[in-house]
Amino acid sequence: MSGLLLVTQGAISQGVLWGIMVLGVYITYKLLDIPDLTADGSFTLGGCVCTVAILSGVNPVLATIMGLFAGLLAGAVTGILHTVFEIPAILAGILTQIGLWSVNLRIMGGKSNNPLLQTESMISFVSENTGVSQSQAALIVGIILVVIVIAALYWFFGTEVGAALRATGDNADMIRALGVNINNTKLIALSLSNGLIGLSGAMVAQMQKYADINMGRGAIVIGLAAIVIGEVLMNRVKNFGFKLFSAVVGAMIYFLIRAYAIQLGLNVNDMQLISALLVAAALAIPVAMRKWREKAAYTEDDLYASEHAASSEGDKHADRDKGRA
Amino acid sequence: MIEIKNVSKTFNKGTVNEKRALDNLNLTINDGDFITVIGGNGAGKSTMLNAIAGVFPVDCGKIEIDGVNVTRDPEFKRAKYIGRVFQDPMKGTAAGMQIEENLSLAYRRGKRRGLGWQIKAEEREIYKKELSRLGLGLEERLTDRVGLLSGGQRQAVTLLMATLKRPQLLLLDEHTAALDPATAATVLRLTREIVEGEKLTALMVTHNMKDAIAIGNRLIMMDRGSIIYNVSGDEKERLTVEDLLHKFEEASGTEFSNDRMILSR
């Protein structure tokens, strides 16, 4: 039983730290309507930069912030490819992501794995100074970060710039006609999003005590899956802050499902397929349901026969038909 | 005053689809002019409005607004001077955002946007007052999403947004064409109230010749990218639809063959 509890706790810690990445994906996917594939690369980038910085003696907090800024830069690259050079957003993201694979290997000195076993991290610092376990420390740090990030995003998207950014995702023609340079708003959104994703990568690397060239693989799909799960569970919330919160909850649920599935003997490598199926199903089911309902609702009988019978005495239709003839 | 000099624009240059959409266009718009624009399909009416708004760069010529040469300014920079209402009611408002958010975006047209709160408390009173002018009861629905409104309501809100911060020029691109007749009449009445009431300078493209004659102080007719007829004042007052059809045939040398315009006379 305590084993299961431990697994649950570990999964929730993971979910919270990955939740920061999900908030980044939320900005591009939900607010800007761009599925930004930079995520897989910028997540790893955040982890690589952070671990390399810590190993070379940089303070873990500063190293984490460096991870955030590295992600920000990666997002800016995608943003410039997309806005200045008008490369479709998905392709721009893929280009950055592919390029980052080499960059990340370079940062880690050619190794595909960069362990943080002997060194201090933000999480080990908390754990040593409070006496809680590593995974509890990760949870505490994660919750604090998530609260700060959600509060900051809530504020930012309520400002004039933030509103212009949301409007860019909603109706680009309109906001351009109202004097906003949508290249700027898109650039800000992509940078902000990938900054958060880099921050998340830095935190996850500190929690798992290593950065790995493949640690971000499938990050975008995990992000979408978490958003979808959050929306299904909390579909009634209207407040923007709660919507962001629901995305983090979605991430926690995702990692819980994943941890239990692995406990039940599922191969870790199958999780990518399961994530992909989950997102595909979440996007496909509403469409399939609508089509099915439209088909099922059709009938050859006159559905409104009673109304027609009642009004036919008013001669409305008869008049119209006469006019035609 | 808006001055358009020798403006031309060719789309798809060097391909089989090459089309000179604007051909040496010249037009002077005085402050307070309310000009209706008519012409057949493909005459260049919308292209002219888009060229003024900066949707695409023109090939040559000059566009000046109040003495400022804006010819090479991108669309978002010219927005400082220009309010616009599009034909498609969905195009002028952000459906997922609240009515007051849409208005606050419009209230800042052409201004630098910073990190201040998007709506200041005192603005709400302005929005309520302005919305009540529409007579649609929207002043009680400030926080409703615009997506909940009908096409006509959205177009009325767009009109309000385009004029919330007084524009040097208002561009109306067949903004009632996609609405049902009753709603179109309402939006047109609001347009006149706002443009005439505030003495705005406006260009209005329409397919309805009666409206074109009845509304505004000037009328221009376009054909093949140029202005072929330009009347104002008393001469415009005396115009009839027959005159316009005759003018068109005389100036362009072709029979007027636009179903939509003939049907709507």
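All values reported here derive from a predicted model rather than from experimental measurement.

A.B. asks: Please explain the packing of aromatic side chains as it appears in this structure.
C.D. replies: For any pair of aromatic rings, geometry is given as the distance between the ring centres together with the angle between the planes. All names here are of chain A. Summed over all chains, the structure comprises nine aromatic pairs over all chains. Ring centres of Trp-155 and Phe-156 lie 6.5 Å apart, and the angle between their planes is 55°; this geometry places the pair in the tilted category. Trp-155 gets classed as partly exposed once you look at its relative accessible area, which sits at 40%. According to the relative accessible area criterion, Phe-156 is buried, its value standing at 12%. For the pair Phe-156 and Phe-157, a centre-to-centre distance of 5.2 Å together with 75° between the ring planes defines the contact as edge-to-face.

A.B. asks: Please clarify how empty space enclosed by the protein should be interpreted in this entry.
C.D. replies: Taking a probe equal in size to a water molecule and rolling it over the atoms shows the remaining empty space. This structure, assessed with the given rule, holds two cavities of 30 Å³ or more. The space that makes up the largest cavity amounts to roughly 90 Å³. Along the walls of the largest cavity sit A:Met174, A:Ala177, A:Leu178, B:Ile82, B:Gly83, B:Arg84, B:Phe86, B:Gly92, B:Arg109, B:Thr158, B:Met161 and B:Ala162, which together make up its complete lining. Of all the elements in the fold, those that place two or more residues in the lining of the largest cavity are α8 (172–177) of chain A together with β6 (82–85) and α5 (151–164) of chain B. Of the residues that constitute the lining of the largest cavity, the class distribution is seven nonpolar, three polar and two charged. Its boundaries defined by the atoms lining it, the second largest cavity holds a volume of some 30 Å³. Counting residues per element, the ones that place at least two in the lining of the second largest cavity are α8 of chain A together with α2 (75–78) and β6 of chain B. Partitioned by chemical class, the residues of the lining of the second largest cavity number four nonpolar, no polar and four charged.

A.B. asks: Teacher, can you tell me more about the packing of helix α10 (residues 219–233) of chain A against helix α12 (residues 271–297) of chain A here?
C.D. replies: All names here are of chain A. Running from amino to carboxyl end, α10 crosses α12 at an angle of 50°, the nearest separation of the two axes being 9 Å. Looking at the two axes, α10 sits oblique to α12. Pair α10 / α12 crosses with left-handed handedness. Every residue of α12 that contacts α10 at Val-221, Leu-224, Ala-225, Val-228 and Ile-229 is listed here: Ser-275, Ala-276, Leu-278, Val-279 and Ala-282. Along the lines of polarity and charge, the residues of the contact of α10 with α12 split into nine nonpolar, one polar and no charged.

A.B. asks: Even after reading the chapter, I still don't get the domain arrangement of chain A, so can you show me in this structure?
C.D. replies: Reports of interface size often rely on the accessible area that becomes lost once the parts have come together. Residues and elements named next belong to chain A. For chain A, the assigned domains read domain 1 (3–266) and domain 2 (268–325). Distance between the C-alpha centres of domain 1 and domain 2: 40 Å. Taken together, the two surfaces of domain 1 and domain 2 that pack against each other cover about 1,000 Å², and 78% of this comes from carbon and sulfur. Where domain 1 packs against domain 2, one counts zero salt bridges. For the pair domain 1 and domain 2, the number of links is two residue pairs in polar contact (both at pLDDT 80 or more). Listed by contribution, the elements that provide at least two residues to the side of domain 1 that touches domain 2 are α10 and α11 (240–263). Top element by residues in the side of domain 1 that touches domain 2 is α10. It accounts for five residues. The residue inventory of the side of domain 1 that touches domain 2, partitioned by class, reads nine nonpolar, one polar and two charged.

A.B. asks: Is there a simple way to think about the sheet that holds strand β1 (residues 2–11) of chain B in this case?
C.D. replies: The strands making up a sheet associate through hydrogen bonds between their backbones, and the pairing can be parallel or antiparallel. Residue and element names in this part refer to chain B. Taken in spatial order, the four strands line up as β2-β1-β4-β5 in an open sheet, and their pairing is antiparallel. Looking at which strands have only one partner, the edges of the open sheet turn out to be β2 (19–29) and β5 (68–69). Here seven bridges tie β1 to β2, and the two strands are oriented antiparallel to one another. Opposite Glu-3, over in β2, you have Thr-28 as the bridge partner.

A.B. asks: What's the story with helix α6 (residues 134–156) of chain A in this structure? I'm lost.
C.D. replies: Residues separated by three or four positions in an α-helix point in the same direction, a consequence of the helix having 3.6 residues per turn. All names here are of chain A. Taking 1.5 Å as the rise per residue, α6 with 23 residues should run 33 Å; its terminal C-alpha atoms sit 32 Å apart, in good agreement. Listed in full, the buried residues belonging to α6 are Ala-137, Ala-138, Leu-139, Val-141, Gly-142, Leu-145, Val-146, Val-149, Ile-150, Leu-153 and Phe-156. Considering only its buried residues, α6 is in contact with α1 (2–31), α5 (122–130), α7 (160–170), α9 (182–208) and α11.

A.B. asks: Is there a simple way to explain the layout of surface pockets in this structure?
C.D. replies: When its volume is computed, the largest pocket comes out at roughly 860 Å³. Along its surface, the largest pocket is lined by 31 residues, and A:Arg166, A:Lys238, A:Phe240, A:Lys243 and B:Arg145 are the ones closest to its centre. The set of elements that each furnish at least two residues to the lining of the largest pocket consists of α1, α7, α10 and α11 of chain A together with α3 (99–107) of chain B. Top element by residues in the lining of the largest pocket is α11(A). It accounts for four residues.

A.B. asks: I keep staring at unusual backbone geometry and nothing clicks. Help me out?
C.D. replies: Glycine aside, the phi torsion of most residues is negative, and most peptide linkages are trans. Residue and element names in this part refer to chain B. Of note, Asn-6 is a non-glycine position whose phi angle comes to about 50°, a positive value. For Asn-6, the position within the fold is in strand β1. The phi angle at Asn-24 is positive, at roughly 50°, despite the residue not being glycine. Positionally, Asn-24 belongs in strand β2.

A.B. asks: Quick question: what am I supposed to make of the pattern of salt bridges here?
C.D. replies: All names here are of chain B. All told, the structure shown has 21 salt bridges over all chains when counted by the stated rule. As a salt-bridge pair, Lys-9 and Asp-59 come within 4.0 Å of each other at their nearest N and O atoms. Taken as a pair, Lys-9 in strand β1 and Asp-59 in the loop between α1 (45–53) and β4 (60–65) lie far apart in primary sequence, 50 residues in all. Owing to a relative accessible area of 10%, Lys-9 belongs among the buried residues under this scheme. Residue Asp-59 is classed as partly exposed on the basis of its relative accessible area, which comes to 36%. Among the ionic pairs, Glu-64 bridges to Lys-62, the shortest N-O distance being 3.3 Å.

What counts as what
Residues numbered from 1 in each chain as written. Chains lettered and ligands numbered in written order. Predicted model: local features only at pLDDT ≥ 70, side-chain atom pairs only at ≥ 80, totals over all residues. Heavy atoms only, no water. Phe/Tyr/Trp six-rings, centres within 6.5 Å; stacked < 30°, edge-to-face > 60°. Buried < 20%, exposed > 50% of the residue type's maximum accessible area, 1.4 Å probe, protein only. 1 Å grid on protein atoms, 1.4 Å probe; cavity = no way out; pocket = protein on both sides within 12 Å on 5 of 7 lines; lining within 4 Å. Points joined across faces, edges and corners; volume = space filled by probe spheres on them. Helix = DSSP H or I, 4+ residues; strand = E, 2+ residues; numbered from the N terminus. Nonpolar A, V, L, I, M, F, W, Y, C, P; charged D, E, K, R; others polar. Axes fitted to C-alpha atoms, helices over the stretch in contact; angles between N-to-C directions. Parallel < 35°, antiparallel > 145°, perpendicular 65-115°, else oblique. Left-handed = near helix turned anticlockwise from the far one by under 90°. Contact = heavy atoms within 4.5 Å. Domains from an automatic or database assignment. Buried area = accessible area lost by both parts, 1.4 Å probe. Salt bridge = Lys/Arg side-chain N within 4 Å of Asp/Glu carboxyl O. Polar contact = N/O pair within 3.5 Å; in protein donor to acceptor, adjacent residues only side chain to side chain. Pairing = 2+ DSSP bridges. Expected span 1.5 Å × (residues − 1).

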